[in-house]
Amino acid sequence: MDNKKEADTLLIHIEQSKPIEIGDFTKSLNGLCGLFTQYAAEKGMCGATTPKLYVSKIQEGCIDVFLQLAEAFVPFVTDANIYFDFVSHIRNIKNFFVKGEGEKPNLSKAELENLSDSMAFVVNDPKGSVGIQAIDGITKNEYNNCTILYIDGNGVQNQVDILKKALQEVPADTTKTYTNQLLTICQAKGDMKAKTGNRGSIDNLNGGKPLPLFFDGDLKQQILKNEGTNPFTKAFLVDVEVRTAGGKPLYYITALHDVVDMD
């Protein structure tokens, strides 16, 4: 079995050189939990309610906090593993902010705030560290790891402050309207009542990168659940507004003109 699929728990392993101030401890965990739920929502792993995390165990000697989803949220991409991928996500953010490696992360204001909060413990202990690990909750086998040191935490917080100031300078009204665009569906939730989890791509917009989908009126039913139609094998000629939420773009479909068979 792919190791990626075996990870079912997120382990926060804290090494401290001095007693931890309770405010820093809770702030860090709340920040990490916020980042995780935001990441899960972006990947379509939440339904009508936001997934919640819970602390299952704290061990002596060091502080080990085990976090898991309170409910089973299954994406359409069957080989995805939210725990494994989230660790890679955090490591990529750290590497860009601290070392300038990789692509610049596209983070909303809320994500930036949670990211800064998640560093609260490590920035106050020069000899401390936090390890974020994807593990098998039963065997404790480790499949992915990201270690954050004092210098990393300070580097991340400094970059977060810069990006938050940049977001404040963006004009409030950033909605743009485009007509007769070809939309393809990249991800769709089986539950039509789910408000999130649907993603689509338009080659002419945003470099073809998939964005969250929202729909006016009954367009969601027409595009995703039209009887006898597999939305993944069709292209949809639509009018679309590119809106922003929390500093991130999304597609709001306002009209459907035609359906094209891609088979």
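Residues numbered from 1 in each chain as written. Predicted model: local features only at pLDDT ≥ 70, side-chain atom pairs only at ≥ 80, totals over all residues. Heavy atoms only, no water.

1. What to know about the pattern of salt bridges
Enumeration over the complete set of coordinates arrives at four salt bridges. Notably, a salt bridge pairs lysine 248 with glutamate 111, separated by 2.7 Å at the nearest N-O pair. You can see lysine 248 sitting in strand 10 (residues 248–261) and its partner glutamate 111 sitting in helix 4 (residues 109–118), a full 137 residues away along the chain. Of the two residues, lysine 248 and glutamate 111, both sit in the buried class. Notably, a salt bridge pairs glutamate 241 with arginine 243, separated by 2.7 Å at the nearest N-O pair. By relative accessible area, which is 18% here, glutamate 241 ends up buried. (Salt bridge = Lys/Arg side-chain N within 4 Å of Asp/Glu carboxyl O. Helix = DSSP H or I, 4+ residues; strand = E, 2+ residues; numbered from the N terminus. Buried < 20%, exposed > 50% of the residue type's maximum accessible area, 1.4 Å probe, protein only.)

2. A few points about helix 2 (residues 22–42)
Within an α-helix, residues lying three or four positions from one another point in the same direction, as the helix has 3.6 residues per turn. The first and last C-alpha atoms of helix 2 sit 30 Å apart over 21 residues, in line with the 30 Å expected at 1.5 Å per residue. Capping the start of helix 2, glutamate 21 holds a side-chain oxygen 2.9 Å from the backbone nitrogen of glycine 23, two or three residues further along. (Expected span 1.5 Å × (residues − 1). Polar contact = N/O pair within 3.5 Å; in protein donor to acceptor, adjacent residues only side chain to side chain.)

3. Structural notes on the sheet that holds strand 7 (residues 199–202)
Sheet architecture is closed into a barrel: five strands sit in the order 6-7-8-10-9, paired in mixed fashion. Taken pair by pair, the neighbouring strands of this sheet meet at an average axis angle of 55°, ignoring direction. As judged from the 12 bridges shared by strand 9 (residues 234–245) and strand 10, these two strands associate in the antiparallel manner. Residue pairing in the sheet places alanine 235 in a bridge with valine 260 of strand 10. (Pairing = 2+ DSSP bridges. Axes fitted to C-alpha atoms, helices over the stretch in contact; angles between N-to-C directions.)

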